[in-house]
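What the coordinates show
Each chain is listed here by its residues.
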Amino acid sequence: MQDEDKIREIYDFLIRKYGDRFEIFRTCPRQLEILPKGYSKGKTLKRLMEMKGWNKDEVVAFGDGENDVSMFEVVDDSFAMANARDFVKAKARYETASNADNGIVQGLERLGV
């Protein structure tokens, strides 16, 4: 699991073989997340928002992994952490510092919260 290239190979294989039955994400360069088809952080967040009556402009999403991108798609304000891959950063509305550097606090302050 320490070899990023090997994980990429495994990821590609899993997508080809099981991508029609499972949601498969790279959560970081050396980890994979496999969920039943149709499940993601974004779909779960959207359902929670519907249950609570929250609008997409009332929720903020923060993330650093590919599995967080689906949350960015259901809210107006999303932040990629500094340690996120470029793909994740490109999907977020904003970037912020890493968790270790109070990135969530900085993001909320940027929004005036």
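Above: the structure in question.
To keep things clear, this report deals only with the structure shown in the data block. (Residues numbered from 1 in each chain as written. Predicted model: local features only at pLDDT ≥ 70, side-chain atom pairs only at ≥ 80, totals over all residues. Heavy atoms only, no water.)

With respect to helix α2 (residues 41–52)
Between the first and last C-alpha of α2 there are 16 Å, a value that for 12 residues agrees with the 16 Å anticipated at 1.5 Å per step. Every buried residue of α2 is accounted for by G42, L45 and M49. For α2, the arc enclosing every buried residue in end-on projection is 65 degrees, short of the 170-degree limit, so these residues lie on one face. Among the exposed residues of α2, those oriented more than 90 degrees off its buried face are R47, E50 and M51. Of the surrounding secondary structure, the elements contacted by the buried residues of α2 are α3 (69–72). Of the residues trailing α2, G53 is marked for its positive phi of about 75 degrees. (Helix = DSSP H or I, 4+ residues; strand = E, 2+ residues; numbered from the N terminus. Expected span 1.5 Å × (residues − 1). Buried < 20%, exposed > 50% of the residue type's maximum accessible area, 1.4 Å probe, protein only. Arc of directions from axis to C-beta. Contact = heavy atoms within 4.5 Å.)

Details of the packing of aromatic side chains
For the coordinates displayed, the defined rule picks out 3 aromatic pairs. When the centroid spacing of 6.4 Å and the interplanar angle of 75 degrees are considered together, the rings of Y18 and F22 count as edge-to-face. The partly exposed category is assigned to Y18, whose relative accessible area is 27%. Using a relative accessible area of 33% as the deciding quantity, one classes F22 as partly exposed. Taking 5.0 Å as the distance between ring centres and 10 degrees as the angle between the ring planes, the aromatic pair formed by F62 and F79 counts as stacked. Taken together, the residues span a long stretch of sequence, with F62 in strand β3 (residues 60–63) and F79 in strand β4 (residues 77–81) at a distance of 17 residues. Since its relative accessible area comes to 0%, F79 is described here as buried. Members of the aromatic cluster, each reached through a chain of ring pairs, are F62, F79 and Y94. (Phe/Tyr/Trp six-rings, centres within 6.5 Å; stacked < 30°, edge-to-face > 60°.)

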